[in-house]
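# Chain and residue survey
Listed below are the residues making up each chain.
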Amino acid sequence: VLHWTADRAMLRASSLLLACLAAVQAFNAPMAFSPKGALASSLASKPLVAAAPVSQRSFALDALQMSCTKDTRGYKMPMRKQCMLLKKRANNAMSVSFSHIRTHKTQAVNLQWKRIFWPEGNCYVKLRISTKAIKTLKTKPLNELAAKAGLDLKKHRCG
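Presented here is an overview of the structure given in this document. Small disclaimer: the values here were computed from a predicted structure and weren't measured. The numbering scheme is per chain: residues are counted from 1 as the chain's sequence reads. In keeping with the predicted nature of the model, local features appear solely for residues at pLDDT of at least 70, side-chain atom pairs appear and are counted solely at 80 or more, and the whole-chain, interface and lining totals rest on all residues. To get the side-chain values, all heavy atoms of the structure are used, and hydrogens and water are removed first.

Attention shifts here to the overall build of the chain. The numbering of helices and of strands both runs from the N terminus, where a helix is a DSSP run of H or I of at least 4 residues and a strand a run of E of at least 2. Looking only at helices and strands, the chain features 6 helices and 6 strands. Scanning the chain from its N terminus toward the C terminus, one meets helices and strands in the order α-α-α-α-β-β-β-β-β-β-α-α. Accessible area is worked out with a 1.4 Å probe on protein chains only. A residue is then buried under 20% of its type maximum, exposed over 50%, and partly exposed in between. Across the 159 residues of the chain, 20% fall into the buried class. Of the contacts formed within the chain by residues at least 6 apart in sequence, a portion of 45% connects residues at least 24 apart. Of the accessible surface of the chain, which amounts to about 12000 Å², a share of 58% is contributed by carbon and sulfur atoms. We call two residues contacting when some pair of their heavy atoms lies within 4.5 Å. Working definition of accessibility: Shrake-Rupley area with a 1.4 Å probe, residue cover restricted to the visible protein chains.

Residues enter a nonpolar core if they are buried and are Ala, Val, Leu, Ile, Met, Phe, Trp, Tyr or Cys, with the set joined through side-chain atoms within 4.5 Å. One finds L85, V125, L127, I129, L142, L151 and L153 to be the most contacted residues of the largest nonpolar core, which totals 16 residues. Sorting the residues of this core by element identifies β5 (111-118), β6 (123-130) and α6 (142-149) as the ones contributing at least two each. The biggest single contributor to this core is β6, with 4 residues. Those residues in contact with L127, other than ones at most four positions away along the chain, are M84, L85, Q112, W113, K114, I116, L142, L151, L153 and H156.

Here we take up a positive patch on the surface. Together, K88, K114, K132, K135 and K138 line one region of the surface with positive charge. Along the chain, K114 falls in strand β5. A relative accessible area of 35% places K114 in the partly exposed class. By definition, no residue in a patch forms a salt bridge, and every one has over 30% relative accessible area; like charges are joined within 9 Å, nonpolar side chains (Val, Leu, Ile, Met, Phe, Trp, Tyr) within 5 Å. A side-chain nitrogen of Lys or Arg and a carboxyl oxygen of Asp or Glu constitute a salt bridge if their distance falls within 4 Å. By the counting scheme adopted, Arg and Lys are positive, Glu and Asp are negative, and His together with the chain ends is not counted. Every charge is mapped onto a representative atom, which is NZ of Lys, CZ of Arg, CG of Asp or CD of Glu.

Looking now at α6. All buried positions along α6 are accounted for by L142, L145, A146 and A149. The buried residues of α6 all sit within an arc of 100° when viewed along its axis, so they share a single face. Turned more than 90 degrees away from the buried face of α6, the exposed residues are A147 and K148. Summarising the contacts, the buried residues of α6 are in contact with β5, β6 and α5 (131-136). Each C-beta atom gives one direction from the helix axis, and the arc is the one those directions make.

This is the structure:
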């Protein structure tokens, strides 16, 4: 029984170590690793990750941000279903039946891909905005809403 728990702890430690190695390799970060003990013989045959130059490592954050977006029909769609201008998100609500049994539900935002003319940039921008934001655009300028949301409209220009 004691031998089995030792193997289990070693397996847990080795899986944690391999997960850390995979994470380091994904970001091309420099690595200094010298295995010790029984795990050293199993990892000795595997090549270690070489240290990448600083110019390559500076793009690690960009790679992480790109992995959090989905490319749909040629434009980057944020994974979170959120209005780009008003920052509206889904609302947690309750569905109440006739017998007054409550169950949780989410009220999703009505998001639409909209091509809007941006007068300051003299071009069209393609944004994923809520229908409430479409109504708001009739009274407030696009530049004002984008500045309030912290949105760079230059990144969303249409072709």
